[in-house]
Amino acid sequence: MLTFLLYHEIGPFPRPSANLDCFCSDERFRSQMQFLKDHAVRVLPASEACELLSRSGSMEQCGVVLTFDDADANFLECALPVLDELDLPSAVFAVSGQLGQRAGWVKDPRNAIPLMSGQQLRSLPAHRVEVGSHSVSHCKLTELSDSQVFSELRDSKSVLEDLLGMAVHSFAYPHGRYDARVMELVAAAGYVDAYCTDGQRRFTGPSDRLCVPRKYITYHDGLSDFLHRIGYVNEV
């Protein structure tokens, strides 16, 4: 089974106010990544995995894809060193209008964590970390007009491409919100792959490259939960 995993914040311990569905401890993260390495689980770059899915039309291939939404600054301290050490690829989705700021979309200001700056995003090793768009402002695209959605998509893509000096082909839906209208606008803006949070969806064909399902990894997930997410239930 090919599984796309979704992480947000990685850190030593959560704040009392933290959304635990969007937090994974650095200790658990390392144990999860070490399991993938020790058991020779194939970890694919996101764009390569989507291309495989497009050709095969199913998720029956074995492997894991690691994705990180929001481009939290702590990715540099708590996730990237582990990924570098274990030689694992990943994808990070950045909110272009809030680079170098604190997350402006959270309800509780205590959870407004620092985001990577443009310079930090540019410093990510391109051979290991694919950078995609997470919109300009992390708004719920389904609640915007066509022109507003297209601006969020086009402008974020343009800013990130200018910053990185390379094409940006992937997008992650903020708040996991999308519908057929938004998907059409994502394609019109020039994206090839787009990622959702519908972890139970099945990939059925090339058109699903605009709604690739991902499974959350949260604070509550121990190693046995992680193994179940990636289909290693017999390893528990």
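Everything numeric here is computed off the predicted structure, so don't read it as measured data.

When helices and strands are counted, the protein chain shows seven helices and nine strands. Taking 18 Å as the expected radius of gyration for a compact globule of 236 residues, we find that the protein chain reaches 17 Å, a close match to that expectation. Projected onto its principal axes, the C-alpha positions of the protein chain cover 50 × 40 × 30 Å. Sequence separation of 24 or more characterises 66% of the internal contacts of the protein chain that already satisfy a separation of 6 or more. Carbon and sulfur atoms provide 50% of the accessible area of the protein chain, an area that totals close to 10,300 Å². Of the side-chain charges in the protein chain, 22 are positive and 31 negative, and the distance between the mean point of each set is 1 Å.

A full pass over the atoms with the stated rule returns eleven aromatic pairs. Aromatic pair Tyr 7 and Phe 68: ring centres 5.2 Å apart, planes at 20°, arrangement stacked. Taken together, the residues Tyr 7 in strand S1 (residues 2–7) and Phe 68 in strand S4 (residues 63–70) connect sequence positions 61 residues apart. Residue class for Phe 68 comes out buried when judged on its relative accessible area of 2%. Relative to Tyr 191, the ring of Phe 171 has its centre 5.3 Å away and its plane inclined at 50°; by these criteria the two rings are tilted. Placement of Phe 171 in strand S7 (residues 170–172) and of Tyr 191 in the loop between helix H6 (180–188) and strand S8 (193–195) is noted, with a sequence separation of 20 residues between them. In this structure, Phe 171 and Tyr 191 share a single accessibility class: buried. Just above the ring of Tyr 191 sits the side chain of Lys 157; from NZ or CZ to the centre is 5.9 Å.

The subject of this paragraph is the environment of His 169. Mapped onto the secondary structure, His 169 falls in the loop between helix H5 (146–164) and S7. In this structure His 169 comes out as partly exposed when scored by relative accessible area, which is 43%. Spatially, the C-alpha atom of His 169 lies 9.7 Å from that of Ala 189, the residues being 20 residues apart in sequence. With near-sequence residues (within four places) excluded, His 169 lies in contact with Gly 190, Tyr 191, Val 192 and Asp 193.

Relative to the elements of secondary structure, His 175 occurs in the loop between S7 and H6. Linking His 175 and Asp 225, residues 50 residues apart in sequence, is a C-alpha distance of 23 Å. Discounting residues that sit within four places of it in the chain, His 175 has contacts with Trp 105, His 138, Cys 139 and Lys 140. Only 2.9 Å separates the side chain of His 175 from the backbone oxygen of His 138, close enough to count as a polar contact.

What follows covers the nonpolar core. Of all hydrophobic cores here, the largest spans 55 residues; its most connected members are Tyr 7, Met 33, Leu 66 and Tyr 173. Examining the composition of this core, we find that seven residues originate from one element, helix H3 (residues 75–86), more than from any other. Core analysis: the next-biggest nonpolar cluster, separate from the first, contains 15 residues, Leu 44, Cys 50, Val 65 and Phe 93 among them.

Another point: unusual backbone geometry. Positive phi values are uncommon outside glycine, yet Ser 135 reaches one of about 85°. In the Ramachandran plot, His 138 falls in the positive-phi region, its phi being about 65° despite a non-glycine side chain. For His 138, a relative accessible area of 6% puts it in the buried group.

H6 packs onto H5 with a crossing angle of 45° between their chain directions and a minimal axis gap of 9 Å. What the angle tells us is that H5 and H6 run oblique. Along this stretch, H5 crosses H6, giving a crossing that reads as right-handed. Facing Asp 146, Val 149, Phe 150 and Leu 153 of H5, the residues of H6 in contact are Arg 181, Leu 185, Val 186 and Ala 188.

Let us look at H5. With 19 residues, H5 extends 27 Å between its outermost C-alpha atoms, agreeing within 8% with the 27 Å of an ideal straight helix rising 1.5 Å per residue. Along H5, the residues that are buried comprise Val 149, Glu 152, Leu 153, Ser 156, Lys 157, Leu 160, Leu 163 and Leu 164. Summarising the axial view, the buried residues of H5 lie within an arc of 140°, below the 170-degree limit, and thus occupy one face. Residues of H5 that are exposed and angled more than 90 degrees away from the buried face: Ser 147 and Asp 162.

Thresholds applied
Residues numbered from 1 in each chain as written. Predicted model: local features only at pLDDT ≥ 70, side-chain atom pairs only at ≥ 80, totals over all residues. Heavy atoms only, no water. Helix = DSSP H or I, 4+ residues; strand = E, 2+ residues; numbered from the N terminus. Rg over C-alpha atoms; globule rule 2.2 N^0.38 Å. Contact = heavy atoms within 4.5 Å. Areas by Shrake-Rupley, 256 points an atom, 1.4 Å probe, with all protein chains shown as cover. Lys, Arg positive; Asp, Glu negative; His and termini not counted. Charge placed at Lys NZ, Arg CZ, Asp CG, Glu CD. Phe/Tyr/Trp six-rings, centres within 6.5 Å; stacked < 30°, edge-to-face > 60°. Buried < 20%, exposed > 50% of the residue type's maximum accessible area, 1.4 Å probe, protein only. Lys NZ or Arg CZ within 6 Å of the ring centre and 35° of its normal. Polar contact = N/O pair within 3.5 Å; in protein donor to acceptor, adjacent residues only side chain to side chain. Core = buried A, V, L, I, M, F, W, Y, C linked by side-chain atoms within 4.5 Å. Axes fitted to C-alpha atoms, helices over the stretch in contact; angles between N-to-C directions. Parallel < 35°, antiparallel > 145°, perpendicular 65-115°, else oblique. Left-handed = near helix turned anticlockwise from the far one by under 90°. Expected span 1.5 Å × (residues − 1). Arc of directions from axis to C-beta.

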